[in-house]
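Residue strings, one per chain:
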Amino acid sequence: MTTAGQVTDRYLLDDDLVADPFPYFAELRETAPVHWSPVQRSWLVTGYESVTACFSEPAVSADRITPMLAGTPRHLLGPEAARTFEIMAGWMVFVDPPEHRRLRSAFRGAFGPKQIRRNRPMVQEAVAGLAARVRDGRQTIDLVAGLARPLPATVAAAWMGVPSADTAQFQRWALQVGDLALGAVQSAQEHEDSQRALLDLFAYLRDLVRRRRGEPQEDLISAALAGGVVGDTVSEDEFVAMLTHIAFAGGETTSNLIAVGTWNLLRHPDQLRLLRQEPELAPTAVEELLRFDGPSKMSVRQVRDDFELEGRTLRRGDRLYLVTAAANRDPSRFERPDEPDLRRQPNPHLAFGQGAHFCLGAPLARLVAGAALTDLLAAAPRLALTDGAPQWQPSLLNRSLQTLPVRL
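What counts and how
Residue numbers run consecutively from 1 along every chain, following the written order of its sequence. Local features are withheld for residues below a pLDDT of 70 in this predicted model, meaning they are given only at 70 or higher, and side-chain atom pairs are given and counted only at 80 or more; totals for whole chains, interfaces and linings count all residues. By convention in this description, side-chain values take in all heavy atoms of the structure and omit both hydrogens and water. In this description a helix means any DSSP run of H or I spanning at least four residues, a strand means any run of E spanning at least two, and both kinds are numbered starting from the N terminus. The reference for a compact globule is 2.2 Å times residues^0.38; the radius of gyration itself is calculated from the C-alpha atoms. In this scheme, a residue with accessible area under 20% of its type's maximum is buried, one over 50% is exposed, and one in between is partly exposed, where area comes from a 1.4 Å probe on protein chains only. We call two residues in contact when some of their heavy atoms are within 4.5 Å. Here the open area of atoms and residues is found with the Shrake-Rupley method and a 1.4 Å probe, where only the protein chains shown may cover a residue. Lines are fitted to the C-alpha atoms to define the axes, a helix being fitted only along its stretch in contact, and any angle between axes, read from their N-to-C directions, falls within 0 to 180 degrees. Any angle between 65 and 115 degrees counts as roughly perpendicular, while under 35 counts as roughly parallel, over 145 as roughly antiparallel, and the rest as oblique. Crossing handedness follows the turn of the near helix against the far one: under a right angle anticlockwise gives a left-handed crossing, and clockwise gives a right-handed one. Residues enter patches when they are more than 30% accessible in relative terms and free of salt bridges; like-charged ones are connected within 9 Å and nonpolar ones (Val, Leu, Ile, Met, Phe, Trp, Tyr) within 5 Å. Counted as salt bridges are all cases of a side-chain nitrogen of Lys or Arg within 4 Å of a carboxyl oxygen of Asp or Glu. Counting rule for charge: Lys and Arg are taken as positive, Asp and Glu as negative, and neither His nor the chain ends is counted. Taken as the charge location is NZ of Lys, CZ of Arg, CG of Asp or CD of Glu. When residue character is reported, Ala, Val, Leu, Ile, Met, Phe, Trp, Tyr, Cys and Pro are called nonpolar, Asp, Glu, Lys and Arg charged, and the others, Gly included, polar. Residues belong to a common nonpolar core when they are buried Ala, Val, Leu, Ile, Met, Phe, Trp, Tyr or Cys residues joined through side-chain atoms within 4.5 Å. If DSSP finds at least two bridges between two strands, the strands pair.

Re the overall build of the protein
- In terms of regular secondary structure, the protein is built from 19 helices and 14 strands.
- At 21 Å, the protein has a C-alpha radius of gyration in line with the 22 Å of a compact globule built from 408 residues.
- Scored against the burial criterion, the 408 residues of the protein give a buried share of 53%.
- For the protein, long-range pairs separated by at least 24 residues make up 71% of all intrachain contacts whose partners lie at least 6 apart in sequence.
- Total accessible area on the protein is roughly 18,000 Å²; 51% of this is exposed by carbon and sulfur atoms.

Okay, structure coming up:
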């Protein structure tokens, strides 16, 4: 359909937009950078300056759980569903300042450079082991299943302090929780199973936290507990709820970054060649892959109070999609935005958000993705795309490949 101003309003999960949303995002950004979409029943904000403004606008709220719970009679949810939403309501991604700052304080220092650097040997070992497996004589592999998905999940579990004997079960729970949070469940049974997975994961992590109080190790949970905030200004249940989010979010984001990043490198041989010749470019390369085609297409927000944006009045209760994938290709902010440039500096992309909700796990995602890309290219010098088309996950928020067939 076409609305006033000649903006074509489209369903963002149409197959062609899932595969390549960027031309449509460019049309929106150029024609109506703040566009009310009747199809999505939301505002689509696509300009760099407007998206940036919304990240710090007091009238814009990250809390989408509380309004939903307030509008749903408790007896219609059932005890498991109600408990599931209570846990999710405590995720920092759904909490506004000043509560957000209070909760985030539990991880002060746990995501610092020293803690992240401790993971580098583990990342190298995991990449080497998985790279060896994908070079076992087969001519083609699915890079998603062979490397991009298992590597971040393995690192995340070990980094959080999950014993190796529990890793497989922990990862199954994390995948199901991710499906629930990202709206990827396809049936009522899958929805029920994912809710149960969140409750089981919460129970498991609560027990692990209590064990780490008595037996601290060099892991995320122990580092956070050492800060003295958990049990004081942040309750143990609040801390465990946040851990259930970290359990899936970091792995999902990093997996998408590795898979889509590799796909884009293979589609741009000049940039692939550059990274092969200068592996020390990995840090800036990761930033550019985040900008050019990052793991998240948009962030969801709620209008808390009426406010004006680009001449449009946004009303209390309206939903906002902050389309960071469009903002990251805004020509008013980036030169030649539709071309990847692994040397691009500065690179103030919004792939990890901005302000109070800047992604807590960004340092680890950068480390794992950079190691995976450089080590994979070194291990597979003839890596190339096959004739088979990649399969995309129909996700509104994420830029996610289901499969990526490559030739070794």
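Read on for the rest.
Examining the packing of helix α11 (residues 150–160) against helix α15 (residues 236–267)
- Where α11 meets α15, the axes come as close as 8 Å, and the angle between the chain directions of the two elements is 150°. Between α11 and α15, the angle is such that the two are roughly antiparallel. Note on packing geometry: the crossing formed by α11 with α15 is right-handed. Judged by residue contacts, Leu-151, Pro-152, Trp-159 and Met-160 of α11 engage Leu-243, Ile-246, Ala-247, Gly-251, Thr-254, Ser-255 and Ile-258 from α15.

A closer look at a negative patch on the surface
- A grouping of Asp-179, Glu-190, Glu-192 and Asp-193 is seen on the molecular surface, where their side chains present a negatively charged patch.
- For the negative patch, the element with the most residues is helix α13 (residues 188–214), which contributes three residues.
- For Asp-193, the location among the structural elements is in helix α13.

Notes on the packing of α11 against helix α12 (residues 167–181)
- Interaxial distance between α11 and α12 falls to 10 Å at its minimum, and their mutual angle equals 110°. One finds that α11 runs roughly perpendicular with respect to α12. Read as a crossing pair, α11 and α12 show a hand that is right-handed. Where α11 abuts α12, its residues Ala-153, Thr-154, Ala-157 and Met-160 lie against Thr-167, Phe-170 and Gln-171.
- Residues of the contact of α11 with α12, tallied by class, amount to four nonpolar, three polar and no charged.

Description of the environment of Phe-352
- By the secondary structure assignment, Phe-352 is in the loop between α18 (324–327) and α19 (362–379).
- Counting along the chain gives 61 residues from Phe-352 to Arg-291, while the straight-line C-alpha distance between them is 9.6 Å.
- Here Phe-352 is in contact with Thr-253, Leu-290, His-357, Phe-358, Cys-359, Ala-362, Ala-365 and Arg-366, once residues within four sequence places are set aside.

Observations concerning the nonpolar core
- Grouped together as the largest cluster of nonpolar side chains are 95 residues, with contacts concentrated most on Phe-107, Met-160, Phe-170, Leu-205, Leu-220, Phe-239 and Leu-243.
- What Phe-239 contacts, discounting residues up to four positions off in sequence, is Ala-106, Phe-107, Val-209, Ile-221, Ala-224, Leu-225, Val-230 and Val-234.
- Among the nonpolar cores identified, the runner-up in size contains 18 residues, and Phe-55, Ala-59, Leu-320 and Phe-334 belong to it.

Quick notes on the sheet that holds strand β4 (residues 42–45)
- Taking strand neighbours across the sheet as the criterion, the five strands line up as β3-β4-β10-β7-β5 in an open arrangement whose pairing is mixed. Because the sheet does not close on itself, it has two edges, and the strands there are β3 (34–37) and β5 (60–61).
- On top of the sheet, helix α3 (residues 48–56) reaches β3, β4, β5, β7 (299–303) and β10 (319–322); it is set at about 125° to β10, its chief contact.

Structural notes on the pattern of salt bridges
- Under the counting rule described, the total for this entry stands at 22 salt bridges.
- The partner of Asp-96 in a salt bridge is Arg-304, with the nearest N and O atoms 3.2 Å apart. Here the residue Asp-96 occupies a position in the loop between α6 (79–89) and α7 (99–104), and Arg-304 occupies one in the loop between β7 and β8 (307–309), the gap between them amounting to 208 residues.
- A relative accessible area of 13% means that Asp-96 is categorised as buried.
- Taken together, the shared-partner salt bridges connect Arg-10, Asp-14 and Asp-16 into one network.

By themselves, these figures tell us nothing about what the structure is for.
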